[in-house]
Amino acid sequence: MRLLIVEDEKRLAVSLARGLTAEGFAVDVVHDGLEGLHRASEGGYDLVILDIMLPGMNGYRVCGALRAAGHEVPILMLTAKDGEYDEAEGLDTGADDYLTKPFSYVVLVARVRALLRRRGGGTAAPVLTVGTLRIDTAARRVHRGEDEYALTAKEFAVLEQLALRAGQVVSKAEILEHVWDFAYDGDPNIVEVYISTLRRKLGAASIRTVRGAGYRLEAG
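To keep things clear, this report deals only with the structure shown in the data block. (Residues numbered from 1 in each chain as written. Predicted model: local features only at pLDDT ≥ 70, side-chain atom pairs only at ≥ 80, totals over all residues. Heavy atoms only, no water.)

## Remarks on the pairing of strand β4 (residues 75–79)
Within a regular strand, the side chains alternate between the two sheet faces.
(1) Moving on: Counting buried residues in β4 gives five out of five residues, a clear majority hidden from the surface.
(2) Moving on: The side-chain alternation of β4 yields two buried faces, one formed by I75, M77 and T79 and the other by L76 and L78.
(3) Moving on: Examined bridge by bridge, strand β3 (residues 47–51) and β4 share four bridges and lie parallel to one another. Each residue of the ladder has a partner; that of I49, found in β4, is L76.
(4) Moving on: A crossover connection joins β3 to the parallel β4 through helix α3 (residues 59–68); in handedness this β-α-β unit is right-handed. (Buried < 20%, exposed > 50% of the residue type's maximum accessible area, 1.4 Å probe, protein only. Helix = DSSP H or I, 4+ residues; strand = E, 2+ residues; numbered from the N terminus. Pairing = 2+ DSSP bridges. Right-handed = clockwise from strand over helix to strand, strands pointing away.)

Here's what the structure looks like:
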């Protein structure tokens, strides 16, 4: 699956690209509406993540131009606006879905997968296996043998980030970036709270703290 991100906030664009690449997508990034239109018009993308407020050409015009030219690639619009009129305008120009900033990375990935499934080009998310732990990212279920662990959405999202890089150290900042809102400015120790909860549910040895670096999901 190839995705194109058209977003002029470079930090957000890089974060999205890194996260979606970890999810298994091939991701290209541009920061200008005109360049986004050019790249999307070339074809070959399975989905476009398109910001509305862009230099060169805004997202409404990019979307409208793609649809007018007959391109049917799914488009997920991102915007800092949050009114019904803005949403209606985005959908009227041909967008398939709409997400208002700040947003949860987990929600964005769910929307991307839903649009790809709707198009018929998406495949079911894989089951991640780490030792005896099986993490079904499509059904959002976690098993070890015959035992199933009930996790909240945030707990699952934290575990999923660790599982995607099983055996590697994942920093607190990376977990915050991918699981919480990109605009999150609360206490970063919230990550430790969720790690502690996961240890209680999955076993204390399941997640190792690497002092000064982050956390590592252990096979076991």
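Here the narrative resumes.
## Structural notes on helix α7 (residues 172–179)
(1) Moving on: For α7, every residue scored as buried is listed here: I175, L176, E177, H178 and V179.
(2) Moving on: Against the buried residues of α7 lie α1 (10–22), α5 (105–119), α6 (153–164), α8 (190–202) and β11 (214–217). (Contact = heavy atoms within 4.5 Å.)

## Considerations on the packing of aromatic side chains
For any pair of aromatic rings, the description consists of the separation of the ring centres together with the inter-plane angle of the planes.
(1) Moving on: This model, assessed by the stated rule, comprises zero aromatic pairs.
(2) Moving on: Its end group placed over the ring of Y45, R2 keeps NZ or CZ at 4.4 Å from the ring centre. (Phe/Tyr/Trp six-rings, centres within 6.5 Å; stacked < 30°, edge-to-face > 60°. Lys NZ or Arg CZ within 6 Å of the ring centre and 35° of its normal.)

## A closer look at the nonpolar core
(1) Moving on: Core analysis: the biggest nonpolar cluster contains 25 residues, and I135, V142, V158, L159, L162 and I175 have the highest contact counts within it.
(2) Moving on: Of all the secondary structure elements, the ones that give two or more residues to this core are β6 (127–130), β7 (133–136), α6, α7, α8 and β11.
(3) Moving on: Element by element, the count of residues in this core is highest for α6, at six residues. (Core = buried A, V, L, I, M, F, W, Y, C linked by side-chain atoms within 4.5 Å.)

## Observations concerning α3
(1) Moving on: Listing the buried residues of α3 in full gives G59, Y60, V62, C63 and L66. Around the axis of α3, the buried residues are gathered within 165 degrees of arc, so they sit on the same side. Away from its buried face by more than 90 degrees, α3 exposes R61 and A68.
(2) Moving on: A side-chain oxygen of the first residue of α3 lies 3.0 Å from the backbone nitrogen of Y60; this N-cap is N58.
(3) Moving on: Once α3 ends, the next one or two residues include G70, with phi positive near 90 degrees. (Arc of directions from axis to C-beta. Polar contact = N/O pair within 3.5 Å; in protein donor to acceptor, adjacent residues only side chain to side chain.)

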